[in-house]
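Listed here are the chains, written in short residue letters.
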Amino acid sequence: MASPTNTKRLIPWFAAALVLAAIVAAWSWKSGDTEAVLGRTVRAAAPLILGGLCGLIGERSGIVNIGIEGQMLISAFAGFMASSYTAGMGTLASLVIGILAGMIAAALTGTFMGWCAISLKMDQIIAGTVVNIFAAGFTSYAFIQGRTQPTYPQWSVPVLADLPIVGKVFSQGPLTYVAFVVVIIVQFALFRSRWGLRTRAVGEHPSAADTVGIDVLRLRYVNMTIAGSLAGIAGMLLLQSASVFNRGMTNGIGFIALAVMLFGRYRPFGVLLGGLVLGFFNGLQAQLQFRQAFDIPPQFFGMIPFVFTIAVLAFAGVSARPPAAAGVPYEKE
Amino acid sequence: MTTSVLRARGLTKRFPGVLANDSVDLDLNRGEIVGLLGENGAGKSTLVKMLFGVYEPDEGTMEIGGEPADISGPADAIAKGMGMVHQHFQLVGPLTVADNVVLGAEPRSGLFIDEKAAVESVRELSEKFGLDVDPGAVVEDLPVGVQQRVEILKALYRGADILILDEPSAVLTPQETDELLEVMRGLAATGVGIIFITHKLREILAVTDRVVVMRGGAVVGAADTAGSTQEGLAELMVGRPVIFRVEKDQAVPGPTVLYVQGLVARDDRDQRALDNISLQVRSGEIVGVAGVEGNGQRELVETLTGLRRITSGTITIDGEDVTRASPRDIHRLGVGHVPEDREKDGLVSSYSVADNLVLNRYFKKPFSKSGLRDFAAIARNAEKLVADYGVATPAITTGVGTLSGGNKQKVIVARELSETTSLVVASQPTRGVDVGSIEFIHEQLVSARDQGAGVLLVSAELDEIFSLADRIVVLYRGRVVGDMPAADATVEQVGLLMAGAVDA
């Protein structure tokens, strides 16, 4: 008889086995659709993962960030404009400049939210709302219809991209791979590095960190800026898929990223899993709409990721324990 | 020969309108424990904050290890070998003991923290100084006494040879306090100099080598502990003679006010915290509830005051069944409640003294007229209670959160006892309160009794139980294991019952 803790440890493996079985079954039923859904799963997961990490890094150090949506939109806008105006410098240079511009714009937005929350001690929900409203308004106003930018290349991993079932997973835009590398780095940094320990301490009990000589405010600024640059990559991922800026193109992904963060219980690998699950629903609904399956109006399929988000917020949100100092400005004694 | 590790001369600190520290001298030698004794507001914290570099002294000099020292801030103080254990622990709950200890000075190997080295140094330190702690344990799962050891380890890890303990026993049970005193002796034996801030005379006498008494921002006495007496120190600290034996006449118990029968209730973790409790309190008597903390005292008080649901059993107050009554219904029967956690359950810190004094009556006439508050009546009530109960506050409009612990408690006592007619439920009423206020609060409880109220006094301090109670009830694991007249009880007997060693 396995002890309860052992049984609990088996759950993820059991789940993984179920998922694998389901994929194989789906593939033997409809191979093309299954491959497409898996490819889209990874593509849709990437911005959710980076957005979720943005929220996670901020909140782990004590700042609640609901402005991820706005940061992504600003990034996509800045990146598109930068790439568009530097298109003459060649595809690679133009894309790199665009990515940097997007990351910097979102990072600065993060610093700004940090300033509101840390120095002005503003309500953090309001600071995030300000960013979201500003981003939506400003990018719509300043966007110039008809501009274009170079298209992102597709990178196929040799050998893996030729595999059956999972082949399409390994044929993605370059930034998608970046997302999966970043999540691994953040996981190890958060739980093994000095920065990570201090970040967690500052998010739980800032005065404890202060009394051992950690600069609480500085660390929060740094984290909001780093987190912003990750939201920047998330925004550029949308641009990577669309190749052109659209008004309101984030379409709620920045908010779903918050649900992903909760689903992942403030752990990077949890965010990875949450991103993949939601990415899967996204891929599924896109494929179902594309196929016009089952004679059901496509809008119903479009709802799937949002329904799932609500379910996550209702169930996972209850059990996820946020850092104790999240949302509370730090005041020195 | 003694070696000086810390020497302060003429430290002075002024705040606008207040001379917080007036030319204070302090010496600390290697391996010595110096008690810093004083009431709340005597200037102990200001002094310590100057030593630790939080405040810059306006005048005065300091020497550390014989060298002149100018401390620019806490980080500098730590670098110069000082360690401080704050009254409110500075520990990160979800992190392990080892992570908490090394936080801010983490050993590294490559990019990552060297967890092995961290655990190893914590283990070494705890062996060297006799502080038994598991480095891998998560801090929030540990009892308060052990958390405090983690705080001490933090200081030692940073190489402290001067340790400042700020009211370390305020949050501890008597048993944990004894362990702490033992730890302090051990640390001193290894050469650490300790400044021990407290207002508990028993602890000063038990553990210190010398004692420095402060009052009104100045040192009013310094002596070797060996020649000091409790009465002498208390008089120095308060500025007048203090009566330790509470003056009270023989109780004249009347009819039963509180009647509890077969009470069962669960705690916040859904464990059975009260297991078939039956007890009675008669009017005109003080019943002391003794027990090691966490044996159901909190749940008992909460069920009696309507703050916790009861699983089964009945509670009757003045003949009325209040088993399922709301806190306000119970209050209407003339029950006063002095809660254990005054910051959390007794006061609204951001409200004024006046508003806090009507928290239990604001809805009644004359404080409320046709749904609107009558500020004049509220102010009159506040003026009267502040005067009657000697609350030291700049004004009745002052935020209650800025008052000292003793004065906060007086605000609660004034509110709860001034209207009480039948029953007072007081939980740890003098915890973290200075001697002068303790004396006053004790007098108030006795006078409530003499006016015919029944008093249920829950306290972790056996001294308090023995000096006040007419009858003693002992709780152990949610059960009443002893119920006896105070006159017949001995400390040893009650102590054994508290430990669950014998059945009464």
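Because the structure is a prediction, the values reported are computed rather than measured.

Structural notes on the overall build of chain A
Part 1 of the argument: For chain A, the helix and strand inventory stands at 12 helices and 2 strands.
Part 2 of the argument: The order of α-helices and β-strands along chain A, N terminus first, is α-α-α-α-α-β-β-α-α-α-α-α-α-α.
Part 3 of the argument: By the compact-globule yardstick of 20 Å for 333 residues, chain A fits well, its C-alpha radius of gyration being 20 Å.
Part 4 of the argument: For chain A, the spread of C-alpha atoms along the principal axes amounts to about 70 × 65 × 40 Å.
Part 5 of the argument: Classification of the 333 residues of chain A by burial places 47% in the buried group.
Part 6 of the argument: Looking at chain A alone, contacts between residues at least 24 apart form 77% of all its contacts between residues at least 6 apart.

Let's talk about the sheet that holds strand β3 (residues 33-38) of chain B
Residues and elements named next belong to chain B.
Part 1 of the argument: What the 6 strands build is an open sheet, ordered β6-β9-β10-β3-β11-β12; its pairing is mixed. At either end of the open sheet lies a strand with only one pairing partner, and these are β6 (82-85) and β12 (218-224). Direction aside, neighbouring strands of the sheet carry axes that sit 20° apart on average.
Part 2 of the argument: Looking at chain direction, β3 and strand β10 (residues 193-198) are connected through 5 bridges and run parallel. Within β10, the position partnered with Leu37 by the bridge is Thr198.
Part 3 of the argument: Strands β3, β9 (162-166), β10 and β11 (210-215) of the sheet are contacted by helix α1 (residues 44-51), whose axis makes an angle of about 150° with β9.
Part 4 of the argument: Along the sheet, helix α8 (residues 230-238) contacts β3, β11 and β12; its crossing angle with β11, the most-contacted strand, is approximately 30°.

Concerning the domain arrangement of chain B
Residues and elements named next belong to chain B.
Part 1 of the argument: Once the domains are mapped, chain B shows domain 1 (4-238), domain 2 (245-334 + 424-504) and domain 3 (347-419).
Part 2 of the argument: Here domain 2 and domain 3 have C-alpha centroids that lie 26 Å from each other.
Part 3 of the argument: Facing the 11 residues of domain 2 at the interface are 8 residues of domain 3.
Part 4 of the argument: If one sorts the elements of the side of domain 2 that touches domain 3 by residue count, helix α15 (residues 435-450) sits on top with 5 residues.
Part 5 of the argument: Tallied by class, the residues present in the side of domain 2 that touches domain 3 amount to 6 nonpolar, 4 polar and 1 charged.

Calculation notes
- Residues numbered from 1 in each chain as written.
- Chains lettered and ligands numbered in written order.
- Predicted model: local features only at pLDDT ≥ 70, side-chain atom pairs only at ≥ 80, totals over all residues.
- Helix = DSSP H or I, 4+ residues; strand = E, 2+ residues; numbered from the N terminus.
- Rg over C-alpha atoms; globule rule 2.2 N^0.38 Å.
- Buried ≥ 20, exposed ≤ 12 C-beta atoms within 10 Å, placed from the backbone.
- Contact = placed C-beta atoms within 7 Å.
- Pairing = 2+ DSSP bridges.
- Axes fitted to C-alpha atoms, helices over the stretch in contact; angles between N-to-C directions.
- Domains from an automatic or database assignment.
- Nonpolar A, V, L, I, M, F, W, Y, C, P; charged D, E, K, R; others polar.

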